[in-house]
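What follows is the residue order along each chain.
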Amino acid sequence: MKYLLTLRTLWHCLNMERKHLWAALLLLAIACFVFPASSDSLLRISLKKRQLDISSLNVANVARLEDRYGKHVMKDIEKKKKKKKSDTNSDIVSLKNYLDAQYYGDISIGSPPQNFTVIFDTGSSNLWVPSSRCYFSIACWIHSKYKARKSSTYTKKGESCSIHYGSGSISGFLSQAEVYFVFVVTDQVFIEATRESSVTFIVAKFDGILGLGFKEIAVGNTTPVWYNMVKQDLVKEPVFSFWLNRDINAKEGGELVFGGVDPKHFKDKHTYVPLTQKGYWQFKMGDFSIGNQSTGFCEGGCAAIVDSGTSLLAGPTAVVTQVNHAIGAEGVLSMECKETISQYGEMIWDLLVSGVTPDQICLQVGLCYLNGAQHLSSNIRSVVEKENEGSSIGEAPLCTACEMAVIWMQNQLKQKTTKESVLEYVNQLCEKLPSPMGQSVIDCNSISSMPNVTFNIGDKDFVLTPDQYILKTGEGIATICLSGFVALDVPPPRGPLWILGNVFMGVYHTVFDYGNLQLGFAEAA
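Residues numbered from 1 in each chain as written. Predicted model: local features only at pLDDT ≥ 70, side-chain atom pairs only at ≥ 80, totals over all residues. Heavy atoms only, no water.

As recorded in an unreviewed UniProt entry, the protein chain goes by the name Aspartic proteinase A1 isoform X1, listed as coming from Nicotiana tabacum. Recorded under Subcellular location (unreviewed entry), the UniProt text for the protein chain is reproduced unchanged: "Vacuole". Here is the UniProt Sequence similarities (unreviewed entry) comment for the protein chain, exactly as written: "Belongs to the peptidase A1 family." (UniProt positions renumbered as here; feature names shortened; annotations may be inferred.)

Here it is as structure tokens:
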């Protein structure tokens, strides 16, 4: 037998290497001591069971096969595996929903993978995440950062670049690595952000942004992730689709499907419209109506883009003003200011007249309180007390409105005008206050009496009810209702322009057909 050692052979070996005998006898003695014989004279060695690490096994197998067959052969094998994988439901990215305002999912970059959450944004075309070299932006301190030195697939690019969004900007430099989410996208160039210059990025639930727009608007002449997915044959069809769940309490925030659509996410057939311009996902929209009344603004057609990275609906000021007038919406600061004057105006006046210093008046009225160097509205005191006392929190609207009212009244007091005329003047100033980011609030109790609004797309009406275009934040008496419309004026030749964000996409399942350069809309299920 192959493994049978004859006595003669053993004796020959012992004569050749007599010193090995003593070592063998010593090992035998140790074994007998450590592993005592059982009652049946058998020597037993206990074995420990470990769970099979499939990922480590796969890595070892790939390395062994690459050594044997070469990396080029293994890439072909991996490509076939990826094709097979795309025939399953693995091409679905689960999205998380934060207050119907942010829909984000998970990706990884590098090897071993470094995890990030990103907005999948059809309104931009670059992938960026915070860099470990981002030192001076607060947003980088509280989000995951990419560490190039820890990735074996990292390739240095180095070119500087920046991106400007509607709510802020980022800047950094280009790098290259593998990107993982439903597939492995190889040789992907992305931006390591070293500066994030907006409060939006500080409070955001996401770390970065993965753009799904066209290459024409990609910064740094980079190839978007979606282009590489198509080029590397990772999707069945050059199509992706969004389903956004508008139930903020649901476990599923939404889904992004690459390579097709999921029939359970929509009703009936999609209405398709051709793209009019590559860059953004832009098409020609028809008329816009409030109730059953045309606004007349887009009767000849308006440009519109579908943007999964925008929370609200943005349109021309002339139209949004009509919408907000019809639903009784007011600017956030304007409403808070008028409420402050109505309830506390006379008290503020009396305190000024009595000689109380202006910087103490809002504290005494109870609309602000001192937290370090910050004045905060009393209506958010309970929230602030749950946080660290030294934390930095922005001023609340009522506090801000009070401090502005004090300044205005103080100036009028110097002119020796009457209290009634001063209060009237300050109230007029409140009405002229611009709203930050164009946001407007409405009375939550009047939603049922508000009109529907209608977008005409592809000669079909797409209706939004008040419950669908009004956003609610907070609970109980702290509930605030916001208009889903904000003003945005884009001059010709690109404008007038509508941006259909998550408010619209949450109601209508949207298909982004890259192969046929068209968009499809159907009622979401």
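The discussion continues.
(A) Spotlight on empty space enclosed by the protein. The tally for this structure, following the rule as stated, stands at one cavity of 30 Å³ or more. Estimates place the volume of the largest cavity at around 40 Å³. Together, L95, Y103, F120, F242, L244, S308 and N502 line the largest cavity. Broken down by class, the residue content of the lining of the largest cavity amounts to five nonpolar, two polar and no charged. (1 Å grid on protein atoms, 1.4 Å probe; cavity = no way out; pocket = protein on both sides within 12 Å on 5 of 7 lines; lining within 4 Å. Points joined across faces, edges and corners; volume = space filled by probe spheres on them. Nonpolar A, V, L, I, M, F, W, Y, C, P; charged D, E, K, R; others polar.)

(B) Examining the side chain of S483 more closely. For S483, the location among the structural elements is in strand β24 (residues 480–483). We classify S483 as buried; its relative accessible area is 2%. Contact partners of S483, with chain neighbours within four places excluded, come to N324, I327, A329, S440, Y469 and I470. (Helix = DSSP H or I, 4+ residues; strand = E, 2+ residues; numbered from the N terminus. Buried < 20%, exposed > 50% of the residue type's maximum accessible area, 1.4 Å probe, protein only. Contact = heavy atoms within 4.5 Å.)

(C) Broad picture of the pattern of salt bridges. This structure, assessed with the given rule, holds three salt bridges. Of the charged contacts, one joins K278 and E216 as a salt bridge, the two residues approaching to 3.7 Å between their closest N and O atoms. With a gap of 62 residues between them, K278 in the loop between β11 (271–274) and β12 (282–285) and E216 in the loop between β8 (208–211) and α7 (225–231) connect regions that are remote in the sequence. Residue classification places E216 among the partly exposed residues on the basis of a relative accessible area of 49%. (Salt bridge = Lys/Arg side-chain N within 4 Å of Asp/Glu carboxyl O.)

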